[in-house]
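Each chain, letter by letter, is given below.
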Amino acid sequence: QVQLVESGGGLVQPGGSLRLSCAASGSIFSIGAMAWYRQVPGKQRDLVAGITNSGGTNYADSVKGRFIISRDNAKNTVYLQMNSLKPEDTAVYYCKARILRRTAVSSETYWGQGTQVTVSS
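For clarity, every value in this text was computed on a predicted model and none was experimentally measured.

Parameters at a glance
Residues numbered from 1 in each chain as written. Predicted model: local features only at pLDDT ≥ 70, side-chain atom pairs only at ≥ 80, totals over all residues. Heavy atoms only, no water. Helix = DSSP H or I, 4+ residues; strand = E, 2+ residues; numbered from the N terminus. Pairing = 2+ DSSP bridges. Axes fitted to C-alpha atoms, helices over the stretch in contact; angles between N-to-C directions. Disulfide = S-S within 2.5 Å. Buried < 20%, exposed > 50% of the residue type's maximum accessible area, 1.4 Å probe, protein only. Phe/Tyr/Trp six-rings, centres within 6.5 Å; stacked < 30°, edge-to-face > 60°. Lys NZ or Arg CZ within 6 Å of the ring centre and 35° of its normal. Salt bridge = Lys/Arg side-chain N within 4 Å of Asp/Glu carboxyl O.

Would you mind showing me how to read unusual backbone geometry here?
Backbone phi values are negative for most residues with the exception of glycine, while trans is the configuration of most peptide bonds. With phi around 55°, Asn76 is a residue other than glycine that occupies positive phi space. The residue Asn76 is located in the loop between strand E7 (67-72) and strand E8 (77-82) in this model. In this structure, Ser84 takes a positive phi of about 50° despite not being glycine.

Here it is in structure tokens:
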């Protein structure tokens, strides 16, 4: 069994920073691409940032220059450093990963449970 557990969400004032973490655990052989998504009530879940297993990154236009995605392959963890936060960044943030389990023949997509980020004064 594989789990993704996010942490680091909370309440922050506009202009502030937060760092989200997402750790994968379980019977993992390898992890491919990892990503952060966010969702507000009544809207679809949107990609925020993604990172390949070799470190290539991509970002939504709305967060370019403010957010940084990174990963620690030794810890099976992906991070999202969020700076200059705006009220419109308020959402539930989810991590996603393509994981090959030790007993599997192909990779599968896993999601975390989500962590709330609220940007408000």
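Where do I start with the sheet that holds E7 in this structure?
Strand-to-strand pairing in sheets goes through backbone hydrogen bonds, with the strands running parallel or antiparallel. Strand order in this open sheet of 4 strands is E1-E3-E8-E7, and the pairing throughout is antiparallel. Either end of the sheet is taken by a strand with one partner, and the two such strands are strand E1 (2-7) and E7. Strand-to-strand, the axes of this sheet are offset by a mean angle of 15°, without reference to chain direction. Pairing analysis gives 6 bridges linking E7 to E8, with the strands arranged antiparallel. Along E8, the bridge assignment pairs Arg71 with Val78.

I tried to follow the state of the cysteines on my own but got confused; where do I start?
Two cysteines joined by a covalent bond between their sulfur atoms form a disulfide. Enumeration over the complete set of coordinates arrives at 1 disulfide. A sulfur-sulfur distance of 1.9 Å marks the disulfide that ties Cys22 to Cys95. Here the disulfide of Cys22 and Cys95 is right-handed, its torsion about the S-S bond being about 45°. Of this pair, Cys22 sits in strand E3 (residues 18-26) while Cys95 sits in strand E9 (residues 91-101); the two residues are 73 residues apart in sequence, bridging distant segments of the chain. Of the residues examined, Cys22 reaches a relative accessible area of 1% and is grouped as buried. With relative accessibility at 0%, the residue Cys95 sits in the buried group.

I'm lost on the packing of aromatic side chains in this one. Help?
Each aromatic ring pair is characterised by the separation of its centres together with the angle its planes make. Taken as a whole, this structure holds 1 aromatic pair when the rule is applied. Seen from their ring centres, Tyr37 and Trp111 are 5.0 Å apart, and the 65° between their planes marks the pair as edge-to-face. Placement of Tyr37 in strand E4 (residues 28-39) and of Trp111 in strand E10 (residues 108-111) is noted, with a sequence separation of 74 residues between them. For Tyr37, a relative accessible area of 15% puts it in the buried group. Directly above the aromatic system of Tyr79 lies the positively charged group of Arg19, at a separation of 4.0 Å from the ring centroid. Against the face of Tyr94 rests Arg45, its NZ or CZ located 3.6 Å from the ring centre.

For this particular structure, what's the right way to read the pattern of salt bridges?
Opposite charge on two side chains permits them to pair, given that their charged atoms come into close proximity. All told, the structure shown has 4 salt bridges when counted by the stated rule. Here Lys64 ties to Asp61 by a salt bridge, and the two come within 3.1 Å at their closest N and O atoms. Classification of Asp61 as exposed rests on a relative accessible area of 65%. Across the pair Glu108 and Arg101 runs a salt bridge whose closest N-O atoms are separated by 3.0 Å. The structure contains a network of salt bridges with shared partners spanning Arg38, Arg66 and Asp89.

Everything listed is a geometric property; what it means functionally is a separate question.
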